[in-house]
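Descriptive structure summary
What follows is each chain in one-letter form.
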Amino acid sequence: MHPAPSVIIFTTLSGLGFGLLFWLGIDPTPPTGFTGFIFFAIAYALAVGGLLSSTFHLGHPERAWRAFSQWRTSWLSREGVCAVAALCILGVYAAALIFLGQNIAILGWIGAAFAVGTVFTTSMIYGQLATVPRWKTPLTPALYLTFSLAGGALLSGRTFTAIVLLLFAAAVQLAWWQRGDKALSESGTDLGTATGLGERGTVRSMAHPHSSPNYLMKEFVYVVGRKHALKLRVIAFCLTFVLPLILLLVPFNHVFAALAVLSHIAGVACSRWLFFAEAEHVVGLYYGMR
Amino acid sequence: MTFQQPKLNTSPKVSDEVRQTTCYMCACRCGINVHMKDGKVAYIEGNRDHPVNKGVLCAKGSAGIMQVNAPSRLRAPLKRVGPRGSGEFEEITWDEALDIATGLLKPIRENNPEKLAFFTGRDQSQSFTGFWAQNFGTPNFAAHGGFCSVNMATAGIYTMGGAFWEFGQPDWDHTKLFMLFGVAEDHDSNPIKAGIGKIKARGAKVIGVNPVRSGYNAVADEWVGITPGSDGLFILSLVHELMKAGKIDLHYLAQYTNAPVLVDAETGLLMRDENGKELVIDRTTGKLTPFDQKGVQPDLSAQYRHAGTTHKTVMHLLAEKYLDPQYAPEAVAERTGVTADKIKTIAADLARVAFDEAFELDQEWTDFRGETHKTMTGRPVSMHAMRGISAHSNGFQTCRALHVLQIILGTVEVPGGFRFKPPYPKPYTAHPKPHCGVQPNSALDGPHLGFVQGPDDLMLKEDGSPARIDKAFTWENPMSAHGLMHMVISNAHAGDPYKIDTLFMYMANMSWNSSMNSGGVMQMLTDTDENGDYVIPNIIYSDAYSSEMVAYADLVLPDTTYLERHDCISLLDRPICEADAAADAIRWPVVEPDRDVRGFQTVLVQLANKLGMPGFTNKDGSAKYQDYADYIVNHQRKPGIGPLAGFRGENADQVGRGDVNPDQLDRYIENGGFFVEHIPDGANYYKPWNASYQDWAVGMGIYDAPEPYLFQLYSEPVRSFQRAAEGHGDRQPPEHLRDRLKAVMDPLPIWYPALEDNGVDLDEFPIHALTQRPMAMYHSWGTQNAWLRQLHGHNPLYLPTKLWEQHGFADGDWARVTSTHGEITVPVAHQAALNDNTVWTWNAIGKRKGTWALSEDAPESNKGFLLNHLIHELLPPKGDGLRWSNSDPITGQAAWFDLRVKIEKADAPAESQPAFAPIKSPVAQGPSELKWKVGK
Amino acid sequence: MTTLPTSTDRKLGLVIDLDTCVGCHACVISCKGWNTENYGAPLSDQRPYGTEPMGTFLNRVHSYEVQPEAGPAQTVHFPKSCLHCEDAPCVTVCPTGASYKRVEDGIVLVNEDSCIGCGLCAWACPYGARELDQAEGVMKKCTLCVDRIYNENLPEEDQIPSCVRTCPAGARHFGDLGDPNSDVSQLVDSRGGFDLMPEMGTKPVNKYLPPRLKDSWDDQSLLAPLLEPVAEEPKGFLSWLDKTLDKIPGGAS
Ligand SMILES: Nc1nc2c(c(=O)[nH]1)N[C@H]1C(S)=C(S)[C@@H](COP(=O)(O)OP(=O)(O)OC[C@H]3O[C@@H](n4cnc5c(=O)[nH]c(N)nc54)[C@H](O)[C@@H]3O)O[C@H]1N2
Ligand SMILES: Nc1nc2c(c(=O)[nH]1)N[C@H]1C(S)=C(S)[C@@H](COP(=O)(O)OP(=O)(O)OC[C@H]3O[C@@H](n4cnc5c(=O)[nH]c(N)nc54)[C@H](O)[C@@H]3O)O[C@H]1N2
Ligand code: SF4
Ligand code: SF4
Ligand code: SF4
Ligand code: SF4
Ligand code: SF4
Ligand SMILES: [Mo]
């Protein structure tokens, strides 16, 4: 899949943002006043920024409001609904905390639920797609959720929780990669089933329909060299998990904490780039590519 | 869940008006419905009533809208201001353009008409352009047939009075086995596809003989991946097998072919009576008798002893020749790349279908001998072939071999077999002979092109030198019925046989894809003599688009596009008939040009008027025709016969023959742009021998009198040239050609290796390199089309698995391909279903930078390429100082597919090689985005 | 609407005959022509005269080679457009309801006025049948020529998709695949029509007819009976000729 910057930025930032919102929502002693303002400002900047970024890849952003209508079937619609619900509810919750010093816990809980829901629905946009075997697994929501919660914990300064969740997320990431590398071949879909000619022999694409590439090839076929991918995985893994964990495990220090957060964000972005770039859409088979 | 589906208007208005005309995105000439909105072309679809396409349309046809809006369209007459080839022009008015042209042509016509060489390319108005050239008085006229498929045309016409190509078609409704030799697309694009579709729907079998398995061969049930240039051997091996097994149609051979005709043992010519009628022995009387007498039963196995000599029938000679073990499947297997078993199986299957699946059509008919037959015997085997077998230097004989194969099976002009389209069948003797009688200021003494019958008909000057600039109808290629357009520039540049003053060309991209040795041609066109003058002094060219050739002209006459002009697809030249009907068609301006362009034929009329040419001028000196439309309606070739056969006479009710009808074009337009006259039942098979067809054809003006004839298994004209080479007669070939003529001018089809094979080290250059037409592109024209160029914007060289693996190629690699003549470096791709020793690419995709209104980084000029840079118009020099043309020694057909190359892996260059400097574009570049919709 | 109808009155679709398709691209361009001028925004082309020209097409023709275990490779030209799936994932993922499957005939359409151009439906389609128009920013797909097949401004025989009308080889068939008695259903039955990627569970309405078995002559075991020679030599042939001619009616006896 084409790793569109807007989608990478979106999933990275809003994942963290909603993760942070989740922790703020369920915090029995949430920050209030100016501190509260800072936390919520960061959370909203990440979540809303990510959402805004995602509208850049829309052909018609001005019609984006229509995307709330199909929540009954569409994960993308559900994501929109959840995101708006989370942002609105937690907005009230935050305002009460910041301006009134009031903790309306019930709002926090509901908002937190929608925040996780948002991350879950986002993950399901990908996780539902049978067309991308690498994504079509419960591990995808697990990946998004653990990343989001770990990142949120990290941002909200919950060191221990962050360490535990980072370890957890790291395990999910490794499992996800491991499974993903076999996903296409194990999916049973190949050029043989794609053309229905597989029983007659080995099918090979001899010529593309057009001599120049098209939307489908640009959108669905993105080839990262294997060596390249492995290197990037190592980098992503170190930045997302290893480095933050080390920084968290050494005695607390604000600079280290900030570095851990930055490293984690960079790592997640890198992992997300791979999430898309390495994903093979079955349409590529028709083009003899993956 | 109360979802409201959007309310859709499922009956939107399709268009304001439909205008019906004829497609010219290629030469198939389908009928089209042009849907107009707000006076603009909105959508093009096929015309269901049209005899050619019956409603369907190919990719090119549907893309016509992108041709009519193409930014590459020339906008006004152009006068060269920079050096030739630079592309630097200034726009001038038509008055000025016509004055310049007249200034060049008038003195030539008055002093030395042969100094004009007028050659037209994909011309569909040859009877008109030929008429113009004849009235101008130059002997130097031809269209593109010589580099296209003259082997196919002449072999067919000399053998059976018509050919494949567009002269005939399989009886798609009855055939059960269709064998296709070397066709990627052909001129009959849509009819062939429709035919294949039809027989496939019936579950009939298709055999494809082609080194490459794509297109039609992809749907063939059996694929014969033959080695290029060896079809003749393969076919004669089938003939061998069939004769050996006696699986031949003896009745057919005896009645309708010259198999029973006696061959004079001394001369090798056919025995004839005093009226020139071929003689046979009648089985009932045992007597020598002209073949066409009532009740004659020609004896195939007869011998005639006279004055101590035994004369045998053609059948004897056939048996002697083809039963020879040199044609046994085992003997030809290696050379053809087809196993002996497979050849035998094919022979068996041909025999099985032709004879065991024969059927009778309940249709009475009477033959030319006056015998009435209750039924028509169907032999459901049909064949078709095109340039795959004809674009080789052994193509004439290979095409003849294929006709012999069909004829011994008795499958020509019978139900289920191959049938001619009017005006064919027509014996070669009914065609004119060529003419070259030049007189200053007067018309040529007859038509330029025709069918020679022997050495006396060659176009030689008194001193034996060629009369024509292209050396057509000379000992180098005696039977070159279509001329040799591919030799014109080369010969004019060499001054061999003589120098010319003005080269006038129309619709042929000669500095690029239609020439062999394109780079060399560019040099010849720009070469200067010791005085600094161009060696070819003047070049006038008519094109509609900014092609590669435009840059090499001194004066460019911009043509209209096909939707903007009158045209006439006439029975006098290449009509659109079907085997069951005669048909012709017109084009008419369904949109008016938005530029200062004129239909080229109209420009020729205007030039003829300025020059006061006979044929275009009334007795009182006034102009006969104002423009081409005027000519189409009012010209009469013979009394009652004009360019269009339909709606003749004052009441528009005369067909074929009839008076001029001033409203004829309107009647055509009302009728959908075409006219069809069906052949009556009972007349539509056995046409060469069928009395009622012959009578119908006379009524239509196709013949002046019935002309029944015999199929020429043994070709007497061919023999007469061979005989001359053996030393008989006054007109003798030059010594250096004598042996070659003796060998190739065999009156019975033979096979010999491609001429190029003799001049090339086959160990160094073992690989055959071919091109194919892409179905969705027409030569160079398709490229300017925004939709079509997305399909074929560049072309890889396809390599078979053997070569792919041998050289360790991978996707994305490039190769250096070398012939004795040149070298190209190009992208490669893998194709498994390909003959082991063959590589190929799509024809004419590569483009020169700066042409066709494309950007200079267009893939056509950076990754696309032409194979033409590897092919020379001359054979490798033999050290005798002579220029041997790379053509069939009989017809002059350009031997495109004889090419031999070697291949090496190469580093990917920045662009495909050779790369040429960009041409300065005479038109503006196209827009960066299209959102084409004329109705809002 | 992203909810799929539980059933549709008819199942209109195409049947594509891989035994007959010669790969001519006529259907591709005819589709482009009709749909540029008709339903919704024109199918745009980027860099139409430049490098990497790239436009929106609703139907494209691939070329494949199939290498059987024995015998030569076979070439298959393979047209592909929207298959109007019964369980169309492209519809259910659409967040706006722009994508929907019509209840009356099962045609899957995009209502361009509601489409936000998110591209998700194209991601969900296994067949590459949807293309986002780069100029208009809305999703484009085969409409099954919904503006032709019911169009009363067209003669009845022309109320078929543009690609079907134009296909020179007659390799494309249109009809109701929900009606077992329709011509197309019969064709699918008799020729063993199949689904693409059945494992995706999309239940395509469009069907493909397989190429017939090819190259039987390369299978030595199936060699047809060969011809029996009447003679190996010209002499023998001529005496056979004499004998045979005598048997031909009208010959001297
Ligand atoms: N390597 C290789 N080369 C080949 C062949 C091959 O098989 N392999 N085939 C050969 C054969 S058979 C042929 S016929 C030639 C064809 O080659 P060409 O005869 O060159 O044919 P085109 O490229 O179709 O077009 C010729 C010119 O006609 C112009 N034209 C198009 N429409 C109009 C119009 O309406 N009016 C005017 N005045 N001009 C117009 C085009 O712009 C173009 O410049 O190529 C030959 N070249
Ligand atoms: N779409 C489209 N249609 C066209 C044209 C076009 O440019 N585009 N051009 C028109 C013109 S000018 C012409 S002349 C006709 C030509 O029509 P075709 O004769 O179909 O022309 P080519 O594409 O040259 O096809 C040559 C075929 O012969 C095969 N071949 C080559 N050598 C051999 C051989 O030795 N033996 C056998 N058995 N096969 C061989 C090649 O693989 C190829 O398939 O097409 C006309 N129609
Ligand atoms: S075959 Fe195609 S391009 Fe040629 S005339 Fe017919 S529709 Fe036009
Ligand atoms: S038009 Fe017909 S034959 Fe041509 S590519 Fe399309 S389906 Fe195949
Ligand atoms: S083919 Fe693709 S676009 Fe068409 S209905 Fe099926 S999933 Fe949707
Ligand atoms: S691109 Fe349009 S039709 Fe497709 S899912 Fe998005 S909104 Fe729906
Ligand atoms: S049915 Fe209509 S929209 Fe669909 S591929 Fe055919 S022509 Fe295109
Ligand atoms: Mo040609």
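Let us look at the structure shown here. Since the structure is predicted, the reported quantities are computational estimates derived from the model, not experimental observations.

Our focus in this paragraph is the packing of helix α4 (residues 126–136) of chain B against helix α18 (residues 600–611) of chain B. Residues and elements named next belong to chain B. Between α4 and α18, the least distance of the axes is 11 Å, while the angle of their chain directions is 15°. In terms of their interaxial angle, α4 and α18 are classed as roughly parallel. As for how α4 packs across α18, the hand of that crossing is left-handed. Residues F128, T129, W132 and F136 of α4 touch α18, and the partners they reach there are Q601, L604, V605, L607, A608 and L611. In terms of residue class, the contact of α4 with α18 is built from 8 nonpolar, 2 polar and no charged.

Interfaces are often described in size by the accessible area the parts lose on coming together. Taken together, the contacts link 63 residues of chain C with 57 residues of chain A. Here chain C packs against chain A, burying approximately 4,700 Å² in sum over the two surfaces, 60% of which is carbon and sulfur. Of all residues in chain C, the largest losses of buried area upon contact with chain A belong to Y64, I116 and W123 of chain C, amounting jointly to 17% of the total for that side. Where chain C meets chain A, there are 2 salt bridges. The partner of E52 of chain C in a salt bridge is K218 of chain A, and the shortest N-O contact between them spans 3.0 Å. At the junction of chain C and chain A, the tally comes to 28 residue pairs in polar contact (both at pLDDT 80 or more). Where the side of chain C that touches chain A is concerned, the elements lending two or more residues are β4 (59–67), β5 (74–81), α3 (120–124) and β8 (130–132) of chain C. No other element matches the 8 residues that β4 of chain C contributes to the side of chain C that touches chain A. Partitioned by chemical class, the residues of the side of chain C that touches chain A number 36 nonpolar, 16 polar and 11 charged. Relative to β4 of chain C, strand β1 (residues 202–207) of chain A is paired through 5 bridges, and the arrangement is antiparallel. Bridging from a neighbouring strand, V203 of chain A pairs with V66 of chain C of β4 of chain C.

Time to look at the site of ligand 1. Residue and element names in this part refer to chain B. In the region of ligand 1, 30 residues are neighbours, and R122, N509, D543, S780 and W781 sit closest. In the model, a nitrogen atom of ligand 1 is placed 2.8 Å from a nitrogen or oxygen of the N868 side chain. Burial of ligand 1 by the protein chains amounts to 99% of its free accessible area of 910 Å². Among the elements of the structure, α5 (145–148) and β24 (538–543) are those that each provide at least two residues to the shell around ligand 1. Top element by residues in the shell around ligand 1 is β24. It accounts for 3 residues. Residues that form the shell around ligand 1 fall into these classes: 12 nonpolar, 12 polar and 6 charged. Two domains each put at least three residues into the shell around ligand 1: domain 1 (78–149 + 433–558) and domain 3 (755–906).

How each quantity is defined
- Residues numbered from 1 in each chain as written.
- Chains lettered and ligands numbered in written order.
- Predicted model: local features only at pLDDT ≥ 70, side-chain atom pairs only at ≥ 80, totals over all residues.
- Heavy atoms only, no water.
- Axes fitted to C-alpha atoms, helices over the stretch in contact; angles between N-to-C directions.
- Helix = DSSP H or I, 4+ residues; strand = E, 2+ residues; numbered from the N terminus.
- Parallel < 35°, antiparallel > 145°, perpendicular 65-115°, else oblique.
- Left-handed = near helix turned anticlockwise from the far one by under 90°.
- Contact = heavy atoms within 4.5 Å.
- Nonpolar A, V, L, I, M, F, W, Y, C, P; charged D, E, K, R; others polar.
- Buried area = accessible area lost by both parts, 1.4 Å probe.
- Salt bridge = Lys/Arg side-chain N within 4 Å of Asp/Glu carboxyl O.
- Polar contact = N/O pair within 3.5 Å; in protein donor to acceptor, adjacent residues only side chain to side chain.
- Pairing = 2+ DSSP bridges.
- Near = heavy atom within 4 Å.
- Areas by Shrake-Rupley, 256 points an atom, 1.4 Å probe, with all protein chains shown as cover.
- Domains from an automatic or database assignment.

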